[in-house]
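# Architecture and fold: a report
For reference, the chains in residue letters:
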Amino acid sequence: MSSDNKYAMKVLFSTFIVFSVAFFIFYTLKLGHSKSKNPKKNEYSVIDNREQYEQEIQDLACVEEEVRNQILLNYGMSGDELSDRFGTDKPIEYDPDENTGEEGNKESVTEKTASSNETLAENKTEKETKTKEELLNELYKDDPVDDGTSLPSLATIKFKDSYDMYRYERDYTKADDNYFDRSVFIGDSRTEGLSLFGDQANMNVFAYKGLTVADLETEKVVNIDGTMMTVYEAVVSTDYDNYYIQFGINEIGWAYVDVFTDDVSRLVDLIYAHKPNAMVYISSVAPVTKSVSDADKQVFNINNIKKFNDALFNMCHDRGDVIYLDEGASVATVDGYLPEGHTTDGKHYDADLAKRMLRYIRTHKYKRKAD
């Protein structure tokens, strides 16, 4: 190779090295500038990952404040927008029972959701909160301070009602007598007691002592105009706007909770097949007294009731087309039990508790959002 050719090759190689180094420096500086303008923890695109973000939030039962703030930073969403899309209309609080053993000390689904809802509700504006307080004050203005039970006023209890915010909203009007003409309560002996000892004479009830959700298609225990029918037959033979499903106390001893929730869900399916625009409420299982819970470690105890209520809550969340009503909290002490002295057997309500639960039902209605 001639000396001229060798010189040309050296020049070409040197030029290549210079351009490579320059390109590397330029790319490094540009990348650092880009990251400084958009300091996100990950490389997600705000627009491309919005659906992933929404699903991530909906699937998360509890969003700790620091995690929530990082989500806002990562996805470019304001606190108000997050509250509007995924919050609830009422802050919820829960004090776990410290004496329930290992199972009781685990955070339940409802406890986690309560913690999340507290954080989300803080982002409501002052105007929205004031309006809500005025509505609640009007709703509870006739609620007695002392109803003979020594339980807290209903207005002071943070109930854990749950519903799909895209479909439903709170109805801040109290149910009148006509509302009960258009409603039916489906359940067991507790539902019978609610009708017998409460103060609503026109309650429609499909209920019977000892009835379980496994009997709804087979046991003819409902009298419709002189004809005895099963609950399923009664549902399709009548026409109501509001359906309250109140089971659980007789199923507490069942080994498989999902069998219970599956049967409840099948009843909901039947109702909607018969009445597509109905409002369906799933009631939480009301507690037993502390003395009954302490004495019965196998079946009728507070841990089993919490387990069944978590399962009902999950079922309602998964379906999205029913309202979870925290009825049990309306007749529970601050420790989560039925008050001693207001029940003959530690499981059923006396007149004071029945009237109190009906006051809760009258003030906790929901409605479908307008399309």
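These lines cover the structure that appears in this document, whether it is placed above or below. Small disclaimer: the values here were computed from a predicted structure and weren't measured. (Residues numbered from 1 in each chain as written. Predicted model: local features only at pLDDT ≥ 70, side-chain atom pairs only at ≥ 80, totals over all residues. Heavy atoms only, no water.)

Attention now goes to the overall build of the chain. Looking only at helices and strands, the chain features 14 helices and nine strands. Burial status across the chain gives 46% buried among its 371 residues. Considering only intrachain contacts with a sequence separation of at least 6, the fraction spanning at least 24 residues in the chain is 75%. Total accessible area on the chain is roughly 20,100 Å²; 52% of this is exposed by carbon and sulfur atoms. (Helix = DSSP H or I, 4+ residues; strand = E, 2+ residues; numbered from the N terminus. Buried < 20%, exposed > 50% of the residue type's maximum accessible area, 1.4 Å probe, protein only. Contact = heavy atoms within 4.5 Å. Areas by Shrake-Rupley, 256 points an atom, 1.4 Å probe, with all protein chains shown as cover.)

Phi at Ser150 takes a positive value of approximately 65°, unusual for a residue other than glycine. Turning to its location among the elements, Ser150 is positioned in the loop between α7 (126-139) and β1 (168-171). Within the chain, Asp225 stands out as a residue other than glycine whose phi angle is a positive 55°. With respect to the helices and strands, Asp225 occurs in the loop between β4 (222-224) and β5 (227-229).

Our focus in this paragraph is helix α11 (residues 257-274). Taking 1.5 Å of rise per residue, 18 residues should cover 26 Å, and α11 covers 26 Å from first to last C-alpha, within 8% of that figure. Residues of α11 that are buried include every one of Val257, Phe260, Thr261, Asp263, Val264, Ser265, Leu267, Val268, Leu270, Ile271 and Tyr272, and no others. (Expected span 1.5 Å × (residues − 1).)

Evaluated as defined, the whole model comprises 10 aromatic pairs. When the centroid spacing of 6.1 Å and the interplanar angle of 10° are considered together, the rings of Phe180 and Phe185 count as stacked. The class of Phe180 is buried, set by a relative accessible area of 0%. In textbook terms, an aromatic cluster arises when at least three aromatic residues are bridged by ring pairs, as seen for Tyr179, Phe180, Phe185, Tyr244 and Tyr281. Looking at Lys347, its charged tip hangs above the ring of Phe300, at a distance of 3.7 Å from the centre. (Phe/Tyr/Trp six-rings, centres within 6.5 Å; stacked < 30°, edge-to-face > 60°. Lys NZ or Arg CZ within 6 Å of the ring centre and 35° of its normal.)

Take the sheet that holds strand β2 (residues 183-187) next. Overall, parallel pairing links the five strands, which are arranged β3-β2-β6-β7-β8 in an open sheet. The sheet is open, and its two borders are formed by β3 (204-207) and β8 (323-325), each paired with just one other strand. The mean angle between the axes of side-by-side strands here comes to 25°, regardless of whether they run parallel or antiparallel. Summarising the sheet, strand β7 (residues 279-283) and β8 pair through three bridges and their orientation is parallel. Bridged to Ile282 within β8 is Tyr324. (Pairing = 2+ DSSP bridges. Axes fitted to C-alpha atoms, helices over the stretch in contact; angles between N-to-C directions.)

Counted according to the given criterion, the structure contains 16 salt bridges. In this structure, Asp263 and Arg266 form a salt bridge, with 3.9 Å as the shortest nitrogen-oxygen distance. You can see Asp263 and its partner Arg266 sitting in helix α11, three residues apart, about one turn around the helix. Assessed through its relative accessible area of 40%, Arg266 is described here as partly exposed. Sharing partners across several salt bridges, the network here consists of Asp143, Asp147, Arg356 and Arg359. (Salt bridge = Lys/Arg side-chain N within 4 Å of Asp/Glu carboxyl O.)

Phe206, Ile245, Phe247, Leu267, Val280 and Ile282 are the most contacted members of the largest nonpolar core, which totals 76 residues. The leading source of residues in this core is α11, at eight residues. When near neighbours in sequence (up to four residues on either side) are disregarded, Ile245 contacts Ile186, Val264, Leu267, Val268, Ile271, Val280, Tyr281, Ile282 and Ser283. (Core = buried A, V, L, I, M, F, W, Y, C linked by side-chain atoms within 4.5 Å.)

Within the secondary structure, Asp177 is located in helix α8 (residues 177-181). Setting aside chain neighbours within four positions, we find Asp177 in contact with Gln200 and Asn202. Only 2.9 Å separates the side chain of Asp177 from the side chain of Gln200, close enough to count as a polar contact. (Polar contact = N/O pair within 3.5 Å; in protein donor to acceptor, adjacent residues only side chain to side chain.)

This paragraph deals with the pairing of β7. Consecutive side chains of a regular strand alternate in pointing toward one face of the sheet and then the other. Most of β7 sits out of view: five of its five residues are buried. Here β7 shows no split at all, with Met279, Tyr281 and Ser283 on one side and Val280 and Ile282 on the other all buried. In this structure, strand β6 (residues 242-246) lies alongside β7, joined through four bridges in parallel fashion. Opposite Ile245, over in β7, you have Ile282 as the bridge partner. Crossover connection from β6 via α11 to parallel β7: handedness right-handed. (Right-handed = clockwise from strand over helix to strand, strands pointing away.)

Extensive coverage of β6 is indicated by the burial of five of its five residues. In β6, alternate side chains face the same way, and those of Asn242, Tyr244 and Gln246 on one face and Tyr243 and Ile245 on the other are all buried. Pairing of β2 with β6, which is carried by five bridges, proceeds in the parallel orientation. The residue bridging Gly187 from the neighbouring strand is Gln246, located in β6.

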